[in-house]
Amino acid sequence: MTKKILFLFLSLLFSSASIYAQSIIDEIDSSNSFRPTAPELVTEKIEKISASGRIFILTNNSGGYGKGDFISLVLDNQLINRAIVAKTVNGSSGIKIIKVYSDKLNQVLRPGMEVQVIRGDDSYFNLKQEKVADTEAAPLIEDEDELFDETTLLEDDLNFDENKKRAIKTDNLISVYLGYVEGKDTAGETTRYQQFSAAWGYQIDDNIYTELGVGRNVINDYPSVNQTTGLDTTLTSIVFKLKYTISAPFYSFIQPYLGYQLLSASYSADSDGTSDEQIELENEQVEALNKNQVVAGVTILKRLVPGWFARADIGTDALNIGFSLEF
């Protein structure tokens, strides 16, 4: 009897342990213990799509991926396709599609659309969403040699240049610079005044830019017919320019220009204790700074990094040095 009770007790003990162990394993299996964290997404714009649909050109404004990186495109929180970055030039990247996750979404893509980009691992989305039938589409790139073969870009008749005729591809250039404008001193002699300026240029045709520049500075103690007056004069320069862009070595560009400059000076005359004769002389000195003239010169742009240039201007309107940003 005792043996029977002992045997029954041991049987119950082992069976309960087995059930308990099995329930733990089932629980581990049923709950996905590997849960990758949500990847960091960057938003970029599709610039071009080749006729075959195998090659895309995307903006790379974030700098979040480079040549040789594997990336995935996401739209509405769903994976579209998998690609490798084949080339990066001037803030744009050419990518080769190696796998399509969703044919429906892939067919929706058009130049000008914004998509989100994942660099590297995209398993977060693979585990998050159930696989659909078109997820198993055959790879578009068959081997490693073809993966990095840059002639694929040529085969699809697609390149990075928006217009091969243009030396600078973008339409807009904004600049800030420190310049020296010509004027008169209190003795009537020609001198140059330091002036901070900004300009906006727009490419109206291939390599032809129009530019509007505005500068402003304060000339202390001018006019100073009477040393006790301590007057200050504000000098404003407005320049309209027409430029032609020429490519030069070392990622540089030369822009000869022709334009028109408006120089205007103003001050608040203090009539207290100042004779009419002194006020008249002060007005004459201020008027001597006013000037409307045709100007000519050359702008030199040296590319520093994608999108940024060092800038220098040598012309009859001013001598400037500063920076320009293209967009």
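**Q** Would you mind showing me how to read the overall build of the protein here?
**A** From N to C terminus, the protein includes six helices and 15 strands. Expressed as a percentage of its 327 residues, the buried residues of the protein come to 37%. Taking contacts inside the protein between residues at least 6 apart in sequence as the whole, the part at least 24 apart equals 60%. Accessible surface, the protein as shown: approximately 19,100 Å² in total, 57% of it carbon and sulfur.

**Q** Quick question: what am I supposed to make of the confidence of the model for the protein here?
**A** The predicted coordinates ought not to be read in detail in places where the model reports low pLDDT. Averaged over every residue, the pLDDT of the protein is 78; residues scoring 70 or more account for 72%. When mean pLDDT is compared element by element in the protein, strand β14 (residues 308-315) scores highest at 96, while helix α5 (residues 151-155) scores lowest at 45. Low pLDDT (under 50) marks residues 27-34, which in the prediction has two contacts with non-local residues, meaning those over four places away or in another chain. Overall, residues 130-138 carries pLDDT values under 50, and its contacts beyond four positions in sequence, including any with other chains, amount to twelve contacts.

**Q** Help me understand the packing of aromatic side chains in this model?
**A** As enumerated under the stated definition, the model contains two aromatic pairs in all. Taking the centre distance of 5.9 Å and the plane angle of 75 degrees together, the rings of F253 and F309 count as edge-to-face. Highlighted residues: F253 in strand β12 (residues 252-266) and F309 in strand β14, separated in sequence by 56 residues. Of the residues examined, F253 reaches a relative accessible area of 7% and is grouped as buried. Looking at K241, its charged tip hangs above the ring of Y257, at a distance of 4.1 Å from the centre.

**Q** Looking at this model, I keep getting lost on empty space enclosed by the protein. Mind explaining?
**A** Over the atoms rolls a probe the size of a water molecule, and its path tells where empty space is left. The tally for this structure, following the rule as stated, stands at two cavities of 30 Å³ or more. Each pocket or cavity is described by its volume, and for the largest cavity that value is around 110 Å³. Listed by contribution, the elements that provide at least two residues to the lining of the largest cavity are β7 (172-184), β8 (190-205), β9 (208-219), β10 (233-244) and β15 (318-326). Take the lining of the largest cavity: its biggest share by element is five residues, from β9. In the lining of the largest cavity, the residues fall into six nonpolar, seven polar and three charged. In terms of lining residues, the second largest cavity is bounded by L173, S175, G201, Y209, T210, E211, K243, Q255, L301, R311 and S324. Only β7 and β9 provide two or more residues apiece to the lining of the second largest cavity. A total of three residues in the lining of the second largest cavity trace back to one element, the largest contributor, which is β9.

**Q** So what exactly am I meant to see when it comes to a nonpolar patch on the surface here?
**A** Residues L212, V214, F240, L258, Y260, L262 and V294 make up a contiguous nonpolar surface patch of about 620 Å² in total accessible area. Those elements that provide at least two residues to the nonpolar patch are β9 and β12. Considering each element in turn, the nonpolar patch owes the most residues, three residues, to β12. As for its position among the elements, V214 is in strand β9.

**Q** Would you mind showing me how to read unusual backbone geometry here?
**A** Glycine aside, a negative phi is what most residues show, and trans is what most peptide bonds show. Even without a glycine there, the phi angle at D76 is positive, about 55 degrees. Unlike most non-glycine residues, N90 shows phi in positive territory, near 50 degrees. You can see N90 is positioned in the loop between β4 (78-89) and β5 (92-100). Residue N90 is classed as partly exposed on the basis of its relative accessible area, which comes to 48%.

**Q** So what exactly am I meant to see when it comes to the nonpolar core here?
**A** The tendency in soluble globular proteins is for nonpolar side chains to be buried as a group. Core analysis: the biggest nonpolar cluster contains 18 residues, and F56, L58, I71, L73, I95, L109 and V117 have the highest contact counts within it. Of all elements in the fold, only β1 (42-49), β2 (55-59), β3 (70-75), β4, β5 and β6 (114-119) reach the threshold of two or more residues within this core. Excluding anything up to four places from it in sequence, I95 contacts R54, I55, F56, L58, I71, L73, A83, I84, V85 and A86. Listed in part, the twelve residues of the second largest apolar core include Y193, I219, L231 and L235.

**Q** What am I meant to see in the sheet that holds β4 here?
**A** Through backbone hydrogen bonds, the strands of a sheet pair up, either in parallel or in antiparallel fashion. Taken together, six strands build a closed barrel; the order of strands is β1-β2-β5-β4-β3-β6 and the barrel is antiparallel. Pairs of neighbouring strands in the sheet enclose a mean axial angle of 45 degrees, with direction left out of account.

Analysis parameters
- Residues numbered from 1 in each chain as written.
- Predicted model: local features only at pLDDT ≥ 70, side-chain atom pairs only at ≥ 80, totals over all residues.
- Heavy atoms only, no water.
- Helix = DSSP H or I, 4+ residues; strand = E, 2+ residues; numbered from the N terminus.
- Buried < 20%, exposed > 50% of the residue type's maximum accessible area, 1.4 Å probe, protein only.
- Contact = heavy atoms within 4.5 Å.
- Areas by Shrake-Rupley, 256 points an atom, 1.4 Å probe, with all protein chains shown as cover.
- pLDDT = per-residue confidence, 0-100.
- Phe/Tyr/Trp six-rings, centres within 6.5 Å; stacked < 30°, edge-to-face > 60°.
- Lys NZ or Arg CZ within 6 Å of the ring centre and 35° of its normal.
- 1 Å grid on protein atoms, 1.4 Å probe; cavity = no way out; pocket = protein on both sides within 12 Å on 5 of 7 lines; lining within 4 Å.
- Points joined across faces, edges and corners; volume = space filled by probe spheres on them.
- Nonpolar A, V, L, I, M, F, W, Y, C, P; charged D, E, K, R; others polar.
- Patch = residues over 30% accessible without salt bridge, like charges linked within 9 Å, V, L, I, M, F, W, Y side chains within 5 Å.
- Salt bridge = Lys/Arg side-chain N within 4 Å of Asp/Glu carboxyl O.
- Core = buried A, V, L, I, M, F, W, Y, C linked by side-chain atoms within 4.5 Å.
- Pairing = 2+ DSSP bridges.
- Axes fitted to C-alpha atoms, helices over the stretch in contact; angles between N-to-C directions.

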